[in-house]
Amino acid sequence: MNTSLLDACWGKPVERLPVWFMRQAGRCLPEYRALREKHGMFDIFRAPELAAEVTMQPVRRLGVDAAILFSDIVVPLAAVGIEIDLQPGPVLARPFRSAADLARLRPLEPEADMPYVLDTVRLLAGELDVPVIGFAGAPFTLASYLVEGGSSKTLGRTKAVMHADPAFWAELLDRLAGIVVASLRAQVAAGARAVQVFDSWAGFLSPADYRRSVLPATRKIFAGLADLGVPRIHFGVGTGELLELLAEAGADVVGVDWRVPLDRARARLGDHVAVQGNLDPAVCLAPWEVVAREATGVLEANGGRPGHIFNLGWGVLPETDPDILRRLVDFVHGD
Ligand code: CP3
């Protein structure tokens, strides 16, 4: 088993720097697109053989040091009965607007409600010689989809509810945290060796609002995973001013987007947490020489300190040439 990802998460020295890419499964791979012509998103999520195949495609083609489960952050919500579709972004039939809607958000029983996710993890854990990363959306990002009913450029409705009805908001995030803990604990029991919590839209919040209205729920998640002994990664976009709070929630690794140089992130976070990132995904659309130069910049900003997992600052863009990603993996490995 290649454990470089796990070692780096715990701040241990590694022979080869671990590298994987957020959203490495699907998106830019022709073999995934071919499969998508025949199957819908949820059809793939609910068919363990297919989901495992899509998860393994980037491991084979790119040579990355970890696999990330092929699923979506909305899958546990659909699994408790929320009517939600991917078109391709999440779209809800009936958005959440008031306390009455909470009745629709019951606790998740992972083995009964989403056995296909856990079967996929079990298949992967049995086949791969790199760790499988389990994942979930964080309560704020999940709540944003529930309240907006889909994607939003401002998260205006979400923040309005957060400010106007703090009791409803707290209960909503607390229930979502319960769903996330149940989902991640089950993924780890099925064989996931690390977990990542995606709070993709947390960067919409001020530090004060994050601390007051979101941190209690994210703390609950990381505390609810503490006894499992697997590294817990916490990531959000545009979170330069929130990095300390993402760590304070209880993460072992903080994902850093491309806007914050890693040396600055490290200075803010201290030595007790590892960092993951943070090449701008758009750089991978440029010629190889540019990619190599910018990747070198990321490596230099970290300065060879242990506790670094190389990644992009956000997900792979769909138009990325997979050959560039392959070269990038070899480059980071020093091959
Ligand atoms: O590496 C991977 O791609 C693994 C699987 C994965 C998916 N979604 C499958 C997917 C992961 C890790 C996610 C996480 C996810 N989903 C996040 C957090 C990460 C991030 O990008 O910030 C968020 C915010 C979502 C919600 C979501 N799902 C959106 C906004 C969209 C539409 C646009 C997009 O990102 O592609 C989806 C659909 C989705 N989820 C696709 C995939 C492969 C594209 C659907 C398609 O193939 O048509």
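Scroll up for the structure.
Conventions and cut-offs
Residues numbered from 1 in each chain as written. Predicted model: local features only at pLDDT ≥ 70, side-chain atom pairs only at ≥ 80, totals over all residues. Heavy atoms only, no water. Near = heavy atom within 4 Å. Polar contact = N/O pair within 3.5 Å; in protein donor to acceptor, adjacent residues only side chain to side chain. Areas by Shrake-Rupley, 256 points an atom, 1.4 Å probe, with all protein chains shown as cover. Phe/Tyr/Trp six-rings, centres within 6.5 Å; stacked < 30°, edge-to-face > 60°. Helix = DSSP H or I, 4+ residues; strand = E, 2+ residues; numbered from the N terminus. Buried < 20%, exposed > 50% of the residue type's maximum accessible area, 1.4 Å probe, protein only. Salt bridge = Lys/Arg side-chain N within 4 Å of Asp/Glu carboxyl O. Expected span 1.5 Å × (residues − 1). Bend = angle between axes of the 7 residues up to and from the residue. Contact = heavy atoms within 4.5 Å. Pairing = 2+ DSSP bridges. Disulfide = S-S within 2.5 Å. Axes fitted to C-alpha atoms, helices over the stretch in contact; angles between N-to-C directions. Left-handed = near helix turned anticlockwise from the far one by under 90°. Right-handed = clockwise from strand over helix to strand, strands pointing away.

Draft legend 1. Seen up close, the site of the ligand. In the region of the ligand, 22 residues are neighbours, and Arg27, Tyr32, Arg36, Asp72 and Ser200 sit closest. Ala25 has a polar backbone atom sitting 2.9 Å from an oxygen atom of the ligand. Taking Tyr32, its side chain carries an N or O atom lying 2.7 Å from an oxygen atom of the ligand. Isolated, the ligand exposes 830 Å² of accessible area, and the fraction of that covered by the protein chains is 88%.

Draft legend 2. Quick look at the packing of aromatic side chains. Applying the stated criterion to the full structure yields nine aromatic pairs. Look at Phe135 and Phe198: their rings are 5.6 Å apart centre to centre, the planes differ by 90 degrees, and that puts the pair in the edge-to-face class. On the criterion of sequence distance, the pair formed by Phe135 in strand S4 (residues 132-137) and Phe198 in strand S5 (residues 194-198) is long-range, its members being 63 residues apart. There is no split in this pair, since Phe135 and Phe198 are both buried. Considering the side-chain rings of Phe140 and Trp169, the 6.1 Å spacing of their centres and the 65 degrees angle between planes classify their relative orientation as edge-to-face. One end of the pair, Phe140, is in helix H8 (residues 139-148); the other, Trp169, is in helix H10 (residues 166-190), and 29 residues separate them in sequence. Assessed through its relative accessible area of 0%, Phe140 is described here as buried. By relative accessible area, which is 2% here, Trp169 ends up buried. Connected via pairs of aromatic rings, a cluster forms that spans Tyr32, Phe42, Phe45 and Phe70.

Draft legend 3. View of the pattern of salt bridges. A complete count under the given rule lists 19 salt bridges for this structure. The salt bridge partner of Arg104 is Asp101, with a shortest N-O separation of 3.0 Å. Both residues of the pair, Arg104 and Asp101, count as buried. For the salt bridge of Lys220 with Asp174, the shortest nitrogen-to-oxygen distance reads 3.1 Å. Taken as a pair, Lys220 in helix H12 (residues 215-223) and Asp174 in helix H10 lie far apart in primary sequence, 46 residues in all. Each of Glu111, Asp119 and Arg122 takes part in salt bridges that share partners, so that together they form one network.

Draft legend 4. Structural context of helix H4 (residues 48-62). Over its 15 residues, H4 extends 22 Å from the first C-alpha to the last, a length consistent with the 21 Å expected when each residue adds 1.5 Å. In the structure, H4 departs most strongly from a straight axis at Met56, where the bend amounts to approximately 25 degrees and where the proline Pro58 lies between one and four residues downstream. The elements touched by buried residues of H4 are helix H2 (30-38), helix H3 (41-45), strand S1 (67-68), helix H7 (115-127) and helix H16 (322-333). Looking one or two residues past H4, Gly63 carries a phi angle of roughly 75 degrees, positive in sign.

Draft legend 5. Representation of unusual backbone geometry. With an omega dihedral of -5 degrees, the bond running from Gln87 to Pro88 counts as a cis peptide bond. The omega angle of the peptide bond from Gly277 to Asn278 is -10 degrees, so this bond is cis rather than trans. Within the fold, Asn278 resides in strand S8 (residues 274-279). In this structure, Arg27 is a non-glycine residue whose phi angle is positive, near 55 degrees. Within the fold, Arg27 resides in the loop between helix H1 (4-9) and H2. Backbone geometry places Leu155, a non-glycine residue, at a positive phi of 55 degrees.

Draft legend 6. Representation of the sheet that holds S1 within the structure. The seven strands lie next to each other as S1-S4-S5-S6-S7-S8-S9, forming an open sheet whose pairing is parallel. The open sheet has two edge strands, S1 and strand S9 (308-312), and neither has a second partner. Pairing between S5 and strand S6 (residues 232-235): four bridges, direction parallel. Residue Val197 lies in a different strand from S6, and its bridge partner there is His234.

Draft legend 7. Local environment of the state of the cysteines. Taken as a whole, this structure holds zero disulfides when the rule is applied. Residue Cys28 stays outside any disulfide, its sulfur separated by 9.3 Å from that of Cys284, the closest cysteine. Using a relative accessible area of 4% as the deciding quantity, one classes Cys28 as buried. For Cys284, a relative accessible area of 2% corresponds to the buried category.

Draft legend 8. A look at the packing of H7 against H10. Look at H7 against H10: their axes get within 8 Å of each other, and the N-to-C directions meet at 35 degrees. At the point where H7 passes H10, the crossing takes the right-handed sense. Residue-level inspection shows Val117, Leu118, Val121, Arg122 and Ala125 of H7 in contact with H10, the latter providing Ala186, Gln187 and Ala190.

Draft legend 9. The arrangement of the pairing of S8 in detail. Of all six residues that make up S8, six are buried, and the element is covered over most of its length. Examined bridge by bridge, strand S7 (residues 253-255) and S8 share three bridges and lie parallel to one another. Bridged to Val253 within S8 is Ala274. Regarding the hand of the β-α-β motif, the stretch spanning S7, helix H14 (residues 262-269) and S8 is right-handed.

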